[in-house]
Amino acid sequence: MKALKGVLSQLSFFTIIPSVDASLEEIAEYSFISPIFIGVITGVIDFVSYFSLFHILGYSSRFVIIIIVEVIRGFNHLDGLLDLGDAIMIKGDYERRLKALKDVAVGSGGIGLAIVYFSLFLISLCGFPYPSIGTLLILISAEVLSRDLGILILSILEPMESSYLGKLFHDKLKDKWVIIIAEGIPFLLFYPFSVIIFFTLLLIFYEIGKKVLRGSSGDLTGAIITISFPLFLIVERLFSFLIF
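This is a predicted model, so every value here is computed, not measured.

Draft legend 1. Local environment of the overall build of the protein chain. Looking only at helices and strands, one finds twelve helices and zero strands in the protein chain. Counted from the first residue to the last, the protein chain has its helices and strands arranged as α-α-α-α-α-α-α-α-α-α-α-α. In terms of C-alpha radius of gyration, the protein chain reaches 17 Å, essentially the compact-globule figure of 18 Å for 244 residues. Put simply, of all contacts in the protein chain between residues at least 6 apart along the chain, 77% involve residues at least 24 apart. In the structure as shown, the protein chain presents an accessible area of about 11100 Å², 72% of it carried by carbon and sulfur atoms. Charge centroids of the protein chain, computed over 18 positive and 22 negative side chains, lie 4 Å from each other.

Draft legend 2. Broad picture of the environment of Lys176. Within the secondary structure, Lys176 is located in the loop between helix 9 (164-173) and helix 10 (177-190). Residue class for Lys176 comes out partly exposed when judged on its relative accessible area of 23%. Apart from residues no more than four positions distant in its own chain, Lys176 is found in contact with Glu29 and Phe32.

Draft legend 3. Looking closely at the pattern of salt bridges. Enumeration over the complete set of coordinates arrives at four salt bridges. Measuring nitrogen to oxygen at the nearest pair gives 3.7 Å for the salt bridge that ties Glu26 to Lys5. Of the two residues, Glu26 sits in helix 2 (residues 24-29) while Lys5 sits in helix 1 (residues 2-14), which places them 21 residues apart along the sequence. Given a relative accessible area of 17%, Glu26 falls into the buried group. The class of Lys5 is partly exposed, set by a relative accessible area of 32%.

Draft legend 4. Geometry of the packing of helix 5 (residues 76-89) against helix 7 (residues 108-125). At a closest axis distance of 6 Å, the pairing of helix 5 and helix 7 adopts a crossing angle of 125°. Taken together, the axes of helix 5 and helix 7 lie oblique to each other. In this structure, helix 5 meets helix 7 at a crossing whose hand is right-handed. Together, Leu78, Leu81, Leu82, Gly85, Asp86 and Met89 of helix 5 and Ser108, Gly109, Gly110, Leu113, Ala114, Tyr117 and Phe118 of helix 7 make up the contact between the two elements. Class assignment for the residues of the contact of helix 5 with helix 7 results in eight nonpolar, four polar and one charged.

Draft legend 5. Summary view of the side chain of Asp83. Tracing the chain through its elements places Asp83 in helix 5. Its relative accessible area of 8% is what places Asp83 among the buried residues. The residues touching Asp83, leaving out its near neighbours within four places in the chain, are Ala100, Leu101, Asp103 and Asp219.

Draft legend 6. Representation of the packing of helix 3 (residues 34-57) against helix 4 (residues 64-73) in the model. The interhelical angle for the contact between helix 3 and helix 4, taken along N-to-C directions, is 145°, at an axis separation of 10 Å. Every pair of crossing elements has a handedness; the one defined by helix 3 and helix 4 is right-handed. Every residue of helix 4 that contacts helix 3 at Thr42, Ile45, Asp46, Ser49, Tyr50, Leu53 and Leu57 is listed here: Val64, Ile65, Ile68, Val69 and Ile72. Residue composition of the contact of helix 3 with helix 4, by class: nine nonpolar, two polar and one charged.

Draft legend 7. Structural view of unusual backbone geometry. With a phi close to 60°, Phe75 is a non-glycine residue in the positive phi region. You can call Phe75 partly exposed: its relative accessible area is 46%. Positive phi, close to 60°, is recorded for Arg214, a residue that is not glycine.

Draft legend 8. Expanded view of the packing of aromatic side chains. Evaluation of the coordinates by the stated rule reveals 13 aromatic pairs. Seen in terms of ring centroids, Phe198 and Phe199 are 5.2 Å apart; in terms of plane orientation they differ by 70°. Their pairing is edge-to-face. Consider the rings of Phe198 and Phe232, whose centres lie 6.4 Å apart with planes at 40°: the pair is tilted. On the criterion of sequence distance, the pair formed by Phe198 in helix 11 (residues 193-213) and Phe232 in helix 12 (residues 218-243) is long-range, its members being 34 residues apart. The pair Phe198 / Phe232 is uniform in exposure class, with both members buried.

Draft legend 9. Representation of helix 8 (residues 133-156) in the model. For helix 8, built from 24 residues, the straight-helix expectation of 34 Å at 1.5 Å per residue is met to within 8% by its first-to-last C-alpha distance of 34 Å. Here helix 8 lies mainly inside the structure; 20 of its 24 residues are buried.

Draft legend 10. Layout of helix 10. Spanning 14 residues, helix 10 covers 21 Å between terminal C-alpha atoms, matching the ideal 20 Å at 1.5 Å per step. Taken as a whole, helix 10 carries its principal kink of about 35° at Gly184; the proline Pro186 stands between one and four residues after it. When we look at burial in helix 10, the residues that qualify are Ile180, Glu183, Gly184, Phe187 and Leu188. On its buried face, helix 10 is in contact with helix 3, helix 8, helix 9 and helix 11.

Conventions we followed
- Throughout this document, residue positions are counted from 1 along each chain, in the order its sequence is written.
- Whole-chain, interface and lining totals are the exception, using all residues; otherwise, since this is a predicted model, local features are given only for residues with pLDDT of at least 70 and side-chain atom pairs are given and counted only at 80 or more.
- Working from all heavy atoms in the structure, the side-chain values ignore hydrogens and water.
- We count a stretch as a helix when DSSP gives it H or I for four or more residues in a row; a strand needs E for two or more, and each element gets its number in order from the N terminus.
- Only the C-alpha atoms count toward the radius of gyration. The rule for a globule is 2.2 Å times the residue count to the power 0.38.
- Contacts between residues were defined by any pair of non-hydrogen atoms, one from each residue, lying within 4.5 Å.
- The protein chains shown are the only cover counted for residues, whose accessible areas, like all others here, come from Shrake-Rupley with a 1.4 Å probe.
- Only four residue types enter the tally: Lys and Arg on the positive side, Asp and Glu on the negative side, with His and both chain ends excluded.
- Here the site of a charge means atom NZ of a Lys, CZ of an Arg, CG of an Asp or CD of a Glu.
- We call a residue buried when its accessible area falls under 20% of the maximum for its residue type, exposed when it is over 50%, and partly exposed in between, using a 1.4 Å probe and counting protein chains only.
- Any carboxyl oxygen of Asp or Glu that lies within 4 Å of a side-chain nitrogen of Lys or Arg is treated as forming a salt bridge with it.
- With axes taken as lines fitted to C-alpha atoms, and helix axes fitted only over the stretch in contact, angles between N-to-C directions fall between 0 and 180 degrees.
- Each angle is binned into one of four classes, with values under 35 degrees roughly parallel, values over 145 roughly antiparallel, values of 65 to 115 roughly perpendicular, and all other values oblique.
- Crossing handedness is defined as follows: a turn of the near helix away from the far one that is anticlockwise and smaller than a right angle gives a left-handed crossing, while the clockwise case is right-handed.
- Any residue outside Ala, Val, Leu, Ile, Met, Phe, Trp, Tyr, Cys, Pro, Asp, Glu, Lys and Arg is labelled polar, Gly included; the first ten of those are nonpolar and the last four are charged.
- Any two rings among Phe, Tyr and Trp, with Trp reduced to its six-membered ring, count as a pair given centres within 6.5 Å; such a pair is stacked if its planes are under 30 degrees apart, edge-to-face if over 60, and tilted if neither.
- In a helix, the anticipated span is given by 1.5 Å times the number of residues less one.
- Note on bend: the value at a residue is the angle between axes fitted to the seven residues ending there and to the seven starting there.

Here's what the structure looks like:
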């Protein structure tokens, strides 16, 4: 029962979908399963929304996926992206960087990174295929791999000293990085182009976390999930086009 509770609690923690109540310790302990568990569920929701609206709006319904993705996430990961953008723009002073990371106001760095994100998302959806099994697989894969990348960084990078959640999740995940990688392997094998994006982003965000933030945090994880999702959509759609 504890394991089931811990797994189900991932829904209410990572999305707006109501689920069972659990402590942060229980959520963190079973968060290693969240990439595949939450990724498949949200990927199916993305597809069902697209499929349903396609018969009303036609191909323009593909752009509604942006809204669906962010609403299901409760805009929480987007908030992490904005905070990271602000922190990156602060040069030299680490304390000011931390303040920017925690500040509720959005600065130029956050706005700039948000523009990059939505631009990539729009590009990924231009020419997005007719709702089919292939489209479903693309959406599920992008959801799983983006979440897998975020959780993987949290597991292998020491947490920021000031991040309580970062420390809690890192302690629970640091011995499970092999399992986390394994969750993404089927999708990396099915979409080989994604391997390049996955490990390139892994190196980039590891260095950002290590040198800019001096550790992993919830904001960094949210930023990784957010910005990597449209990138995976782009390469997976390209691969599907070339193959099929």
